[in-house]
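# Summary of structural features
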Amino acid sequence: MADAQLRIIIGFESAGGTAPTGWSETWYPAGSNADDALIQAKAYVAKRKELLGMGATVQFAKVTNIPPNRQSKIYFFEGKEGTPTLFTGSGDQYDPTQVDLLMRVQSTTPAARRQWAISGLPDSVTNQLIQSGVKDTFVTSPIFKQLIALIKSLGWGIRKKTANGPPPVFTFASITDIFPIMVRNRKRGRPFELFRGRRLA
Amino acid sequence: MVMDMGRSCYTRKMKFVRGDQSQTFLATWYFAAASAKPFPGFHLFSSAVWDIVHPTPVTLGDSENFQKKWSTGRRFNRSDGTTFAGPLEDFLEGAAAPGDLPRGTGGTPVVCLKDPFGLALGGEDVPVVPDLAALRKGATDTIVSSDYAGLKKGGTTS
């Protein structure tokens with residue numbers, strides 16, 4: 001299948017242990033309509049926020065064309081566009097140890113798979129992971145199921161490199177299943193400086 | 001206005017003229033003012049740091065074919081980040097020609113400054129507004145109106 005036409009980047013920030021951190025998730029929607037992709041991003045965030053601990057927030061969603069025509073647009077979920085902080089954590093304390101749940105993302109192409117680290121999990125999830133393990137936590141949590149079902153229903157996919165080039169050649173493979181494989185710690189970078197008014201302009 | 005998100009800033013040449021990739025300008029990314037708003041629509045001038053493949057060839061905008069130099073992110077203009085300069089379509093298709101915009105103090109395009117534009121940095125407060133210019137520049141309070149000119153200047157009320 002031909003390469004993806006668009007890319008969605010979701011930006012997060014959290015209090016962290018001793019210093020705030022920021023990270024992003026990258027997703028590839030099917031189709032070429034950028035406005036539709038932004039709508040999909042908002043739908044994803046509305047569900048993704050359920051798996052964020054207190055103090056973690058979704059800051060922005062950015063939709064961009066795959067270059068050479070790099071058209072892009074940013075949508076901010078907090079503050080700047082007057083939107084109240086809708087997408088904050090569930091109320092559980094954010095886990096300062098920066099524990100991630102590592103997921104395997106599989107697609108229509110067996111060789112095309114990727115890892116996805118769900119960061120900023122609330123204590124209610126990480127506690128459950130300790131008590132009953134990764135599988136049971138995933139299986140018993142409706143939030144996980146709903147989030148995975150949403151990603152599949154949106155038709156998002158994986159971008160798989162098929163030739164190194166230059167330039168490299170990619171193909172798009174629709175996501176068929178997502179399931180957890182392990183829990184791990186992961187260091188994340190500095191925040192994107194949203195609240196300090198420090199954005200690229 | 002807010003064009004992209006990032007953790008640090010830099011200076012690099014960008015391509016910006018429609019249909020002519022040889023024309024470049026030196027663009028400096030800086031941290032936006034707290035009052036800045038996101039650019040209202042899609043544009044070609046996002047940062048190349050978000051590209052997956054490096055370098056990525058692009059038609060217009062931030063190109064990794066040019067060397068990047070770290071910048072402090074300090075703002076050198078007086079824009080509050082709520083307006084943009086030039087036609088909206090130029091940000092999606094490229095500028096029609098490598099022209100220049102009228103600029104005020106600090107290099108900020110005049111259209112990006114608040115009204116009354118033209119406020120000098122460090123100079124006296126002299127707003128350039130047509131109906132008040134003469135008054136603020138120390139002229140006498142003589143209202144030049146066809147109804148009152150004669151009266152105010154000492155004419156009789158006849």
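Anything mentioned here points back to the structure above.
Along each chain, the written sequence defines residue order, and numbers are assigned to residues from 1. Starting at A for chains and at 1 for ligands, labels are handed out in the order in which the entities are written. This being a predicted model, a pLDDT of at least 70 is required before a residue's local features are given, and a value of 80 or more before pairs of side-chain atoms are given or counted; all residues contribute to the totals for chains, interfaces and linings. Remark: hydrogens and water are excluded; side-chain values derive from all non-hydrogen atoms of the structure.

## Examining the pattern of salt bridges
Here, a salt bridge means any side-chain nitrogen of Lys or Arg that lies within 4 Å of a carboxyl oxygen of Asp or Glu. Counting across every chain of the model gives eight salt bridges over all chains. With its nearest N and O atoms 2.8 Å apart, the salt bridge here joins arginine 70 of chain A to aspartate 51 of chain B. Highlighted residues: arginine 70 of chain A in the loop between strand 3 (57-65) and strand 4 (72-76) and aspartate 51 of chain B in the loop between strand 2 (20-28) and strand 3 (61-62), drawn from two different chains. Only protein chains enter the area calculation, which uses a 1.4 Å probe; residues under 20% of their type maximum are buried, those over 50% are exposed, and those in between are partly exposed. Among the residues examined, arginine 70 of chain A registers a relative accessible area of 2% and is labelled buried. In this structure, arginine 18 of chain B and aspartate 90 of chain B form a salt bridge, with 3.0 Å as the shortest nitrogen-oxygen distance. Taken together, the residues span a long stretch of sequence, with arginine 18 of chain B in the loop between strand 1 (9-17) and strand 2 and aspartate 90 of chain B in helix 1 (residues 90-93) at a distance of 72 residues. Within the structure, one salt-bridge network assembled from shared partners comprises Arg18, Asp90 and Glu93 of chain B. The helix count covers DSSP runs of H or I at least four residues long, the strand count covers runs of E at least two residues long, and both are numbered beginning at the N terminus.

## Description of the side chain of histidine 43 of chain B
Turning to its location among the elements, histidine 43 of chain B is positioned in the loop between strand 2 and strand 3. At a separation of 3.1 Å, a polar atom in the side chain of histidine 43 of chain B contacts the main-chain carbonyl oxygen of methionine 3 of chain B. N or O atoms within 3.5 Å of each other form a polar contact, as long as, within protein, one can give a hydrogen and the other can take it, and as long as residues adjacent in sequence are counted only when both atoms are side-chain atoms. A polar atom in the side chain of histidine 43 of chain B sits 3.0 Å from the backbone nitrogen of phenylalanine 45 of chain B. Working rule for contacts: check all heavy atoms of both residues, and any pair within 4.5 Å makes them a contact. Non-local contacts of histidine 43 of chain B, meaning those with residues more than four positions away in its chain, are made with Arg70, Gln71 and Ser72 of chain A together with Met3, Phe91 and Leu92 of chain B.

## Here we look at the interface of chain A and chain B
Contacts between the two partners involve 36 residues from chain A and, on the opposite side, 35 residues from chain B. Buried area counts how much accessible surface, traced with a 1.4 Å probe, disappears from two parts once they are put together, with both parts' losses summed. Around 3300 Å² of area is buried between chain A and chain B when both sides are counted, 59% of it from carbon and sulfur atoms. In this structure, the connection of chain A to chain B is made through two salt bridges. The interface formed by chain A and chain B contains nine residue pairs in polar contact (both at pLDDT 80 or more). For the side of chain A that touches chain B, the secondary-structure elements that each account for two or more residues are strand 1 (6-14), strand 2 (21-27), helix 1 (34-48), strand 3 and strand 4 of chain A.

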